[in-house]
Amino acid sequence: MQKQLQSRRNRVFSDQTEQGRCVIKKFSEEASFQTELQVYKALHGSTVPCARVLDQQPGILVLSCLPGENLVQWLEGQEQTGVADWDIWEKLVCWLIEFWRHTGFVMTDVNLRNFLYDGQTKTLYGLDFEQCAQGSIDVCAATLAAFICSYRPEQTPLKQQIARYVLERFSALCQLDMSALQQETKKQAQSISQRRNNP
């Protein structure tokens, strides 16, 4: 029996098939469908953890179901304890860099709900690739840092600490200028704020 899942842009359902649980994603726009399909094709055979495409029809992808909880839930849990789980944030940085290297795309929507972390296997997965575009990894890094600090309660000391760690790791792994990353993060934070105030 199909169960509708939360999605702002598309109609998304979970379902049970002979192959096990799957996610059926019905796209509202053809361009979004083509982008996501292109990304999955680029990721095929890579070591980047993500869903598998089980089937496709015009405007529809059937994807394998992924385990874990989204990173917003993990962030909220870390806020409650006051202790960051650095392994999760390191995995997220590495996932985004590998994704960029394999596909040539960056995730322009690095909302933490687009990532799942399976605490049992210690695996981080990415999903929702329809908003991907060719771009610079430094903008992706800055957007991620801005998003981390934007969840309520905003700009807490722990969130700022995690955002700083994320930028430092991107800087070290991709030879990016830290001061330029911080300036770009401020710009992305303003953009997120404007979108929320003018939906």
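Residues numbered from 1 in each chain as written. Predicted model: local features only at pLDDT ≥ 70, side-chain atom pairs only at ≥ 80, totals over all residues. Heavy atoms only, no water.

Engineer: What is the right way to read the sheet that holds strand 5 (residues 60-64) from this model?
Structural biologist: Pairing is antiparallel across the open sheet formed by five strands, whose spatial order is 1-2-3-5-4. Each edge of the sheet is formed by a strand with only one pairing partner; in this case those strands are strand 1 (3-5) and strand 4 (53-57). On average, each strand axis in the sheet is inclined to that of its neighbour by 25°, with strand direction left out of account. Its contacts with the sheet put helix 1 (residues 30-43) on strand 3 (20-26), strand 4 and strand 5, and the angle it makes with strand 5 is roughly 35°. (Pairing = 2+ DSSP bridges. Helix = DSSP H or I, 4+ residues; strand = E, 2+ residues; numbered from the N terminus. Axes fitted to C-alpha atoms, helices over the stretch in contact; angles between N-to-C directions. Contact = heavy atoms within 4.5 Å.)

Engineer: Looking at this structure, how should I read a positive patch on the surface?
Structural biologist: The grouping of Arg-113, Arg-152, Arg-195 and Arg-196 at the surface amounts to a positive patch. Along the polypeptide, Arg-152 turns up in the loop between helix 4 (137-150) and helix 5 (157-174). By relative accessible area, which is 68% here, Arg-152 ends up exposed. (Patch = residues over 30% accessible without salt bridge, like charges linked within 9 Å, V, L, I, M, F, W, Y side chains within 5 Å. Areas by Shrake-Rupley, 256 points an atom, 1.4 Å probe, with all protein chains shown as cover. Salt bridge = Lys/Arg side-chain N within 4 Å of Asp/Glu carboxyl O. Lys, Arg positive; Asp, Glu negative; His and termini not counted. Charge placed at Lys NZ, Arg CZ, Asp CG, Glu CD. Buried < 20%, exposed > 50% of the residue type's maximum accessible area, 1.4 Å probe, protein only.)

Engineer: Got a minute to help me understand the layout of surface pockets in this structure?
Structural biologist: Gaps left between atoms show up when a probe the size of a water molecule is rolled over them. Within this model, the largest pocket holds a volume of roughly 1400 Å³. Taken together, 46 residues make up the lining of the largest pocket; nearest its centre are Gln-6, Asn-111, Arg-113, Asn-114 and Asp-128. Every element with two or more residues in the lining of the largest pocket is listed here: strand 3, helix 1, strand 5, strand 6 (69-70), helix 2 (71-81), helix 4 and helix 6 (178-197). Of the residues belonging to the lining of the largest pocket, the class tally is 16 nonpolar, 15 polar and 15 charged. (1 Å grid on protein atoms, 1.4 Å probe; cavity = no way out; pocket = protein on both sides within 12 Å on 5 of 7 lines; lining within 4 Å. Points joined across faces, edges and corners; volume = space filled by probe spheres on them. Nonpolar A, V, L, I, M, F, W, Y, C, P; charged D, E, K, R; others polar.)

Engineer: Any chance you could explain the side chain of Thr-156 here in plain terms?
Structural biologist: With respect to the helices and strands, the residue Thr-156 is situated in the loop between helix 4 and helix 5. Within the local environment of Thr-156, its side chain forms a polar contact with the side chain of Glu-79, the two groups lying 2.5 Å apart. (Polar contact = N/O pair within 3.5 Å; in protein donor to acceptor, adjacent residues only side chain to side chain.)

Engineer: When you look at the sheet that holds strand 6 in this model, what are you seeing that I'm missing?
Structural biologist: Each strand in a sheet pairs with another by means of backbone hydrogen bonds, the pair being arranged parallel or else antiparallel. Here three strands make up an open sheet; going across it, the order is 6-8-9 and the pairing antiparallel. Two strands close off the open sheet at either side, each with one partner strand: strand 6 and strand 9 (123-126). As defined by bridge partners, strand 8 (residues 115-118) adjoins strand 9 across four bridges and the pair is classed as antiparallel. Within strand 9, the residue paired with Leu-116 across the bridge is Tyr-125.

Engineer: Got a minute to help me understand the packing of helix 4 against helix 5 in this structure?
Structural biologist: A packed helix pair is summarised by two numbers, namely the angle formed by the two axes and the spacing between the axes. For the pair helix 4 and helix 5, the least separation of the axes is 8 Å and the interaxial angle reads 170°. Here helix 4 lies roughly antiparallel to helix 5, going by the angle between them. Contacts from Ile-137, Ala-141, Ala-142, Leu-144, Ala-145, Ile-148 and Cys-149 of helix 4 reach helix 5 at Lys-159, Gln-160, Ile-162, Ala-163, Val-166, Leu-167, Phe-170 and Cys-174. Residue composition of the contact of helix 4 with helix 5, by class: 13 nonpolar, one polar and one charged. (Parallel < 35°, antiparallel > 145°, perpendicular 65-115°, else oblique.)

Nothing here speaks to function; it is all geometry.
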